[in-house]
Amino acid sequence: MTLTLKEVEHIALLARLELTPEEKERYQQQLSAILDHVAQLQALDTSSIQTTSSVLPPQARLREDEVREGLTTSQALQNAPAAEKDQFRVPPVFD
Amino acid sequence: MTEITAFTVKEALQALETGQVSSLELTKAYLERIQRLEPALHAFITLTPDAALAGAKAADERRAQLKKAGAALPPLLGLPLAVKDVLCVKDVRTTCGSKILENFKPPFNATSVQKLLNAGVVVLGKTNTDEFAMGSSTENSAYGVTHNPWDTERVPGGSSGGSAAAVAACFAPAALGTDTGGSVRQPASFCGVTGIKPTYGRVSRYGLIAYGSSLDSVGVLGRSAEDVETIFRLMAGFDPRDATSLDRPVDEPGCAGAADLKGLRVGVPKEYFIEGIQPEVEARVREAIQVLAAQGAQIVEISLPHTSYALPVYYLIAPAEASANLARYDGVRFGLREENNGVIDMFMKSRGKGFGPEVKRRIMLGTYALSAGYYDAYYGQAQKVRTLIKADFEEAFKSVDVVAAPIAPTTAFKIGGHGDDPLAMYLEDVFTLPANLAGVPGLAFPVGFDAQKLPVGMQLMGRPFEERTLFRAAHVYQQATDFHKQTPAI
C-alpha cells in the first residue's frame, strides 16, 4: 500500500514531529514498503485467537500504604530545560 | 600469566580475593586499555574514570575492613563493569544514544544497576547503543558507530553493540545490555561473546529507559556462560517498582557442577535454517548442536510454524509501544528543548531535531498502527499473531527442554552495508524476535568462525524462568570447546 504525502503529514502531526520536506518524502516511501511487508499478517485467520496483552500471567498486587522517600524538588528539576520557582517553566499554553 | 584485562569475571574475582590484584590495579588496567584502543573502536559514549577509580579505591578499603572483621564480602566487590547507555546510573549522563537526552543525568539508579552496585561493582562507563536501542548495528547512535573488534570495518551488531565490543576488546570483564528484539544476542554473536536475554519480567525494567515495554529485558554480556550467570543471578528478582516484574525465586546456578547433558532434549526448529542464511553460519550451528549431542543431549527436529511472522508482528508492536513511550520527550521536564513559538511548536521542533531518522521512522510507524481506523488491522492483528508465536514455543517445550538456533543470518556486516534500507536491517532480527514476542529466555554464545575469522554465535531458548537450563547447556559446551576463549587481535 502507498501512503500519500498528506497521510504522512497527518501522522507526523499526531506524533508531534516536525519533518523536513525530504524526510516526508523518504518516510512516505519507506513506511509504504514496511506496511507492504507487514500486510502478510492479514492472510492469517485469527478470528478465534485471543490477543497477547501480556506474555506472562500478570500478577495484580497491592502494596502497603506507607510513606516512602521520593525525588527531592531539586532532583526532579535537575534535568529541566527551564525551571523557575521550583516549577517547570514552559511557553504560554493560552494567548 | 594472562593479562589482567583478559580475566573472566571468575578469574578477576579470584585474583581480587587472593590479593593478586587490587580493584584499583584492575580498574586502572582497563582504563589504560580503553584509552589506548577506544579511538579505533568507540565502544563508549561516556567514560567515568574518576568515579571508577574512586569506587575501586573504596572497594579495596572495604575489602580490607571486612576481611579484618571476618565479615562476608559482597559477591562482586571491586569488579569493573560497563553499562549500556540506556540504563540509568545516578548522576551519570545517560543519553540512550540520542541527541534528545544529550545532557540527561538521572537522579536515580536502575534497579539492575543498583543491585550490582550493592554487590560491589565499579562502573567504568556507559556503552554505545543504537538510539533508544532501535537498531541492529549501533550505526543509529547519535554519537557515532562502534567498530567490531574482530574487523573494525564491520559493525558490532546492535543495539548493545558498545557492550559487546567492550567485552570482546577486553575493556571490561562483562557489560550490561538490553534485549527488546535481539539486542543482546545479535551483538554477542557478532563480537564472539556470551550474552543472556532473560525471561520477560525476570530482571526489573525500572530505570531502563523504555522502548517496547512488553518486550524490553535487561541482560548481561560476558566471556563465558558461568560469568554471565553469576551477574544475571545478582540482577534477577522481584522489584515492586516494575509492575511486570515477577515474584519468582532466583535459581541455583546451572553451571555449577554441570558435567554432561544427559537427559536434555534439544529441539532444532527447521524454520530457522532458511534460504539466505550464510552457509558457514548454518554449518557452525549444526556442528555446535553435534557437540551438545556428544555431551549426551538428545537432538529432536521440531517446528515453530509461525516463525516467519515474527518480523511483521514485531515491527508493529515494538514501534506502537515506542510511539507511546517516547511521547514523554516533549521538552518540558528533561531533554532537548528547541527555540519555539509556543507549546505545540516546542513539541514539534524539539522532537523533530532531537530524534534521529530510525527513531522518527518507528514513532511514525507506531503512530500509524495505533491510529483510528487502523488499530484493529495492524496492532490488534499483530497482538493476535503474537499469541500464535507464543503457542508455537509452548507446544515445542512439551517435547524438548531447549531450542537451539542461529542468531543472525550472517556474521558481522560492513559498516554502511545496509545503506538506507530499513527493511534490510530489520531482516537481521528474524531469528531473535520470536523469543521477545514469546517472553522466553535466550542465551547466545560463540560456536566458531567463518572463513574471514568473524565469530558465529548460536542461541538456546528455553521455557520461561528456565535460564538455568540454558546456562548449564552452554557451560557444558564451553567445557568441551574453546571458541569463547578466543579474543580478537587489536
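The structure displayed is predicted, hence computed values, not measured ones. (Residues numbered from 1 in each chain as written. Chains lettered and ligands numbered in written order. Predicted model: local features only at pLDDT ≥ 70, side-chain atom pairs only at ≥ 80, totals over all residues. Heavy atoms only, no water.)

Visitor: I keep staring at the interface of chain A and chain B and nothing clicks. Help me out?
Guide: In many reports, interface size means the accessible area that the parts give up when they come together. Tallying the contact residues gives 50 residues for chain A and 71 residues for chain B. The tally of links from chain A across to chain B stands at 2 salt bridges. For A:Glu23, the salt bridge identified is with B:Lys360, shortest N-O distance 2.6 Å. At the boundary of chain A with chain B, the tally comes to 21 residue pairs in polar contact (both at pLDDT 80 or more). (Contact = heavy atoms within 4.5 Å. Salt bridge = Lys/Arg side-chain N within 4 Å of Asp/Glu carboxyl O. Polar contact = N/O pair within 3.5 Å; in protein donor to acceptor, adjacent residues only side chain to side chain.)

Visitor: Mind showing me how you'd approach the packing of aromatic side chains here?
Guide: A ring pair, where both rings are aromatic, is described by two values, the distance of the centres and the angle of the planes. Residue and element names in this part refer to chain B. A complete count under the given rule lists 19 aromatic pairs over all chains for this structure. Look at Phe132 and Tyr329: their rings are 5.0 Å apart centre to centre, the planes differ by 50 degrees, and that puts the pair in the tilted class. With a gap of 197 residues between them, Phe132 in the loop between strand 3 (122-127) and helix 5 (161-168) and Tyr329 in the loop between helix 9 (310-325) and helix 10 (343-354) connect regions that are remote in the sequence. Just as Phe132 is buried, Tyr329 falls in that class too. Assessed through its relative accessible area of 2%, Phe132 is described here as buried. Positioned above the aromatic ring of Phe465, the side-chain terminus of Arg248 is 4.3 Å from the ring centre. The ring of Phe273 carries Arg286 above its face, with NZ or CZ at 4.0 Å from the centroid. (Phe/Tyr/Trp six-rings, centres within 6.5 Å; stacked < 30°, edge-to-face > 60°. Helix = DSSP H or I, 4+ residues; strand = E, 2+ residues; numbered from the N terminus. Buried < 20%, exposed > 50% of the residue type's maximum accessible area, 1.4 Å probe, protein only. Lys NZ or Arg CZ within 6 Å of the ring centre and 35° of its normal.)

Visitor: Looking at this structure, I do not really get the environment of B:Leu336. What am I missing?
Guide: All names here are of chain B. Its location among the elements puts Leu336 in the loop between helix 9 and helix 10. Judged by its relative accessible area of 25%, Leu336 falls in the partly exposed class. Placed 236 residues apart in sequence, Leu336 and Ile100 show a C-alpha to C-alpha distance of 4.9 Å. With residues near it in sequence (within four places) discarded, Leu336 still touches Lys99, Ile100, Gly331, Ser350, Lys353 and Gly354.

Visitor: Which parts of the structure should I look at to understand the sheet that holds strand 7 (residues 265-269) of chain B?
Guide: Within a sheet, neighbouring strands are paired by backbone hydrogen bonds and run either parallel or antiparallel to one another. Residues and elements named next belong to chain B. Sheet architecture is open: 11 strands sit in the order 1-3-2-4-6-5-10-11-9-7-8, paired in mixed fashion. Each having just a single partner strand, strand 1 (44-47) and strand 8 (298-302) make up the two edges of the open sheet. Between one strand axis and the next, the sheet turns through 30 degrees on average, direction left out of account. Across 2 bridges, the pairing between strand 2 (residues 80-84) and strand 4 (residues 174-178) is parallel. Its bridge partner being in strand 4, Val83 is matched across the sheet by Leu176. The strands touched by helix 2 (residues 23-41) are strand 1, strand 2 and strand 3; relative to strand 3, the strand with the most contacts, the crossing angle is about 20 degrees. Across the sheet, helix 15 (residues 467-480) touches strand 5 (194-197), strand 9 (402-406), strand 10 (442-449) and strand 11 (455-462), and the angle it forms with strand 10 is around 15 degrees. (Pairing = 2+ DSSP bridges. Axes fitted to C-alpha atoms, helices over the stretch in contact; angles between N-to-C directions.)

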